[in-house]
Amino acid sequence: MKYSFSPAKILLPKGNFEKWAVIACDQYTSEQKYWDEVETIVGDAPSTLRITLPEIYLEGEIEERIENINKTMVDYINSGVLEEHDNALMYVERASSNGKTRHGIVGIIDLEDYDYHKGSHALIRATEQTVIERIPPRVKIRKDAVLELPHVMLLIDDPKLSVIEPLKNKKSDFVKAYDFELMQGGGHIEGYLTDEATQKQIGEALNALVADKKDKLMFAVGDGNHSLATAKECYNLNKSPEARYALVEVVNIHDASIEFEPIYRVLFNVDCEKVISDIKAALGDGYSGADAQIIDYVSKSVNGKMSVKPSSKLPVGTLQAFLDDYLKSHPEIKIDYIHGEDSVAELCKQDNTIGFIFKGMQKDELFDAIKADGSLPRKTFSMGHAYDKRYYIECRKIK
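This write-up is about the structure you can find in this document. Predicted model only: the values in this text are computed from it and were never measured.

## Quick word on the nonpolar core
And then number 1: Trp35 and Tyr178 are the most contacted members of the largest nonpolar core, which totals 51 residues.
And then number 2: Beyond its immediate stretch of four places on either side in the chain, Tyr178 contacts Leu12, Phe17, Met90, Val92, Ile189, Glu190, Gly191, Ile393 and Glu394.
And then number 3: Membership of the second largest hydrophobic core comes to 47 residues, among which are Leu217, Leu327, Met361 and Ile370.

Printed below as a string of structure tokens:
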């Protein structure tokens, strides 16, 4: 029987996990201070910081960085920094700062089962609009890399807790691979190598989730949508057996630790009062219908809220539709997608910077929304705060 999620040859460092593990590259994209602190913590130690490209640096000259990343990957393999665990399916427990523990399993998916295009009926689907323009820079990073490191998290809809949750009571039977504190307030993480019997049970339980469903949506991308799309495009360029698969972590959307957080918008290089005036004129501030959507705005010079008529199911969709058109005619304005109200407030202490805050979607709405609409507006939700995001730990050879 074919399983949609399988064990892999997983590479892990032989030690010093505290400096090895670094948060996903798409976090803290406007906060240089965070990445400066990571540099200080890591120093000269082997680290995933040296084999990934934080997106805060994407706007600069990245060719030399990519070349150094690829060289370092080869060096880590040849110098014995990493050791291989064959036929590995990792059970992971991540205790975050809020005291809750997230449970997941790390293995590979078949990219033949994945399609990021809206309206797809593939087994694995994007949850948000994939921005095609964002893929080529990421392909440039991945196409010559010999390793992949996952920050992709796939969600399953398992209300009966049949796939991952049974592993909690079995972990004493597994081989512990790591157990350490993540840097920069990331919480505590433990990883275990499962046995073959358990791996079979996982595969059968996953298949059972969609066995009697007309629409066989097994995995929805929770985090790392563009990274997984990049893996697919690299596979289309190189149909090798290694490139056909991608390393991911699977989590249950019904895990008590999974909390959906809105991803807010911050605009830079703007006349704050003018942009608010333009938004209100376009969206009709003052709408008082029962379906009114509230959008708060914050800046150094102007603060308040708008009540607008929805053009999308979610406030983020209504706002983003306006911003997409507005930014086309205002190329001087830059946008970033920010996790956490505190981060938005801090960024908006700068001149000519304005942020937008709104209510997010509930997690139990996700799978039905994907089946009904194909995908959500891009950057609709985040699973928790920035510091709760996946850290790079496991690696896999893709060449």
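## Re helix α7 (residues 272-283)
And then number 1: Relative to the 16 Å expected for 12 residues at 1.5 Å per residue, α7 spans 16 Å between its end C-alpha atoms, a close match to the ideal helical length.
And then number 2: For α7, every residue scored as buried is listed here: Cys272, Val275, Ile276, Ile279 and Leu283. The buried side chains of α7 occupy one side of the element, clustering within an arc of 100 degrees when seen end-on. Opposite its buried face, α7 presents the exposed residues Glu273 and Ala281, each directed more than 90 degrees away.
And then number 3: In this structure, the buried side of α7 is in contact with β15 (260-268), β16 (293-299), β17 (304-308), α8 (315-329) and β19 (353-358).
And then number 4: Just past α7, the residue Gly284 takes up positive phi, approximately 75 degrees.

## Description of the pattern of salt bridges
And then number 1: One pass over the full model with this rule turns up 21 salt bridges.
And then number 2: With a shortest N-O distance of 2.8 Å, Lys171 and Glu93 are connected by a salt bridge. Taken together, the residues span a long stretch of sequence, with Lys171 in the loop between β10 (153-156) and β11 (175-182) and Glu93 in strand β5 (residues 90-95) at a distance of 78 residues.
And then number 3: Residue Lys171 is classed as partly exposed on the basis of its relative accessible area of 24%.
And then number 4: Given a relative accessible area of 11%, Glu93 falls into the buried group.
And then number 5: Notably, a salt bridge pairs Arg125 with Asp215, separated by 2.3 Å at the nearest N-O pair. With Arg125 in strand β8 (residues 124-125) and Asp215 in the loop between α5 (196-210) and β13 (219-223), this pair connects stretches of sequence that are 90 residues apart. In this structure, Arg125 and Asp215 share a single accessibility class: buried.

## Observations regarding the packing of α7 against α8
And then number 1: Two elements in contact, α7 and α8, have axes separated by 11 Å at closest approach and are oriented at 120 degrees. Judged by the twist between their axes, the crossing of α7 over α8 is right-handed. Facing α7, whose interface residues are Lys274, Val275, Asp278, Ile279, Ala282 and Leu283, α8 presents Thr318, Leu319, Phe322 and Tyr326.
And then number 2: Here the contact of α7 with α8 is composed, by residue class, of seven nonpolar, one polar and two charged.

## Section: the packing of helix α4 (residues 135-142) against helix α6 (residues 225-237)
And then number 1: It is the contact of α4 with α6, at a shortest axis distance of 9 Å, that shows an interaxial angle of 65 degrees. Note on packing geometry: the crossing formed by α4 with α6 is right-handed. On the side of α4, the interface is formed by Ile135, Arg138, Val139 and Arg142, while α6 contributes His226, Ala229, Thr230, Ala231, Glu233, Cys234 and Leu237.
And then number 2: Tallied by class, residues from the contact of α4 with α6 come to six nonpolar, two polar and three charged.

## Points about the side chain of Asp26
And then number 1: With respect to the helices and strands, the residue Asp26 is situated in the loop between β3 (22-23) and α2 (32-42).
And then number 2: Not counting chain neighbours up to four residues away, the residues in contact with Asp26 comprise Glu55, His151 and Lys379.

## Considerations on the environment of Tyr392
And then number 1: Relative to the helices and strands, Tyr392 resides in strand β21 (residues 391-392).
And then number 2: Sequence separation between Tyr392 and Tyr116 is 276 residues; the distance between their C-alpha atoms is 23 Å.
And then number 3: The contact partners of Tyr392, leaving out residues within four places of it in the chain, are Trp20, Ala21, Val22, Ile23, Ala24, Cys25, Thr48, Thr52, Leu149, Pro150 and His151.
And then number 4: Within the structure, the side chain of Tyr392 is placed 2.8 Å from the side chain of His151, a separation counted as a polar contact.

The rules we used
Residues numbered from 1 in each chain as written. Predicted model: local features only at pLDDT ≥ 70, side-chain atom pairs only at ≥ 80, totals over all residues. Heavy atoms only, no water. Core = buried A, V, L, I, M, F, W, Y, C linked by side-chain atoms within 4.5 Å. Buried < 20%, exposed > 50% of the residue type's maximum accessible area, 1.4 Å probe, protein only. Contact = heavy atoms within 4.5 Å. Helix = DSSP H or I, 4+ residues; strand = E, 2+ residues; numbered from the N terminus. Expected span 1.5 Å × (residues − 1). Arc of directions from axis to C-beta. Salt bridge = Lys/Arg side-chain N within 4 Å of Asp/Glu carboxyl O. Axes fitted to C-alpha atoms, helices over the stretch in contact; angles between N-to-C directions. Left-handed = near helix turned anticlockwise from the far one by under 90°. Nonpolar A, V, L, I, M, F, W, Y, C, P; charged D, E, K, R; others polar. Polar contact = N/O pair within 3.5 Å; in protein donor to acceptor, adjacent residues only side chain to side chain.

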